[in-house]
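Here is how the chains run, residue by residue.
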Amino acid sequence: MVQIRVMTDDRERGERVVDILLPLLQACTALRAGEPTRLSHRGGGLRLVLDVQPTEGPASVRLDRDDTPARTSPTPGRRRALPRTPG
């Protein structure tokens, strides 16, 4: 588990950092950030932990193709045989 910790004795300053940091992490497509967990602090400061994981990407990719070539007539220069007639 990877964690980012914000720890400071100045709660206001810590809150400003968190207000800047969270939108940046949420906008990052390479990382997936969990919800922050606030820890208790006896002195009134700020203790915050945030779980962060790299984005693994899609588990599978499905591709629907619509560019398959249409059936063509026989190759030019070759003639089709005429149907056999009785007799």
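Residues numbered from 1 in each chain as written. Predicted model: local features only at pLDDT ≥ 70, side-chain atom pairs only at ≥ 80, totals over all residues. Heavy atoms only, no water.

Attention shifts here to the overall build of the protein. Counting secondary structure elements, the protein contains one helix and four strands. Secondary structure of the protein in N-to-C order comes out as β-α-β-β-β. Within the span of the protein, comprising 87 residues, buried residues form 13% of the whole. Sequence separation of 24 or more characterises 52% of the internal contacts of the protein that already satisfy a separation of 6 or more. Carbon and sulfur atoms provide 51% of the accessible area of the protein, an area that totals close to 8300 Å². (Helix = DSSP H or I, 4+ residues; strand = E, 2+ residues; numbered from the N terminus. Buried < 20%, exposed > 50% of the residue type's maximum accessible area, 1.4 Å probe, protein only. Contact = heavy atoms within 4.5 Å. Areas by Shrake-Rupley, 256 points an atom, 1.4 Å probe, with all protein chains shown as cover.)

Now for the confidence of the model for the protein. In low-pLDDT segments, the atomic positions of the prediction should not be examined closely. Here the protein averages 82 in pLDDT, while 78% of its residues score no lower than 70. Across the protein, the element-wise mean pLDDT spans from 90 in strand β2 (residues 31–33) up to 94 in strand β1 (residues 3–8). (pLDDT = per-residue confidence, 0-100.)

The next subject is the environment of methionine 7. Position of methionine 7 among the secondary structure elements: in strand β1. Since its relative accessible area comes to 45%, methionine 7 is described here as partly exposed. Between the C-alpha atom of methionine 7 and that of valine 49, which follows or precedes it by 42 residues, the distance is 8.6 Å. Excluding its chain neighbours within four sequence positions, the residues that come into contact with methionine 7 are Leu46 and Arg47.

Let us look at the pattern of salt bridges. Any two side chains of opposite charge can pair, given that their charged atoms come close. Tallied over the full model, the rule gives three salt bridges. In this structure, arginine 47 and aspartate 9 form a salt bridge, with 3.8 Å as the shortest nitrogen-oxygen distance. A residue pair is termed long-range when its members are at least 10 positions apart, and arginine 47 in strand β4 (residues 46–54) and aspartate 9 in the loop between β1 and α1 (11–27) qualify at 38 residues. Looking at aspartate 9, the relative accessible area reads 61%, which means it is exposed. Several salt bridges converge on common partners, so that one network encompasses Arg11, Glu15 and Arg38. (Salt bridge = Lys/Arg side-chain N within 4 Å of Asp/Glu carboxyl O.)

All right, on to the pairing of β4 then. One ladder, built from six bridges, connects β1 with β4; its direction is antiparallel. Pairing of isoleucine 4 across the sheet is with leucine 50, part of β4. Direction of pairing for strand β3 (residues 37–39) relative to β4: antiparallel, over a ladder of three bridges. Residue pairing across strands places threonine 37 opposite valine 49, the latter belonging to β4. (Pairing = 2+ DSSP bridges.)

A word on the nonpolar core. Membership of the largest hydrophobic core is limited to eight residues, which are Val6, Val18, Leu22, Leu25, Leu46, Leu48, Leu50 and Val52. Only α1 and β4 provide two or more residues apiece to this core. A per-element tally of this core places β4 first, with four residues. In contact with leucine 50, not counting residues within four places along its chain, are Val2, Gln3, Ile4, Leu22, Leu25, Gly34, Glu35 and Pro36. (Core = buried A, V, L, I, M, F, W, Y, C linked by side-chain atoms within 4.5 Å.)

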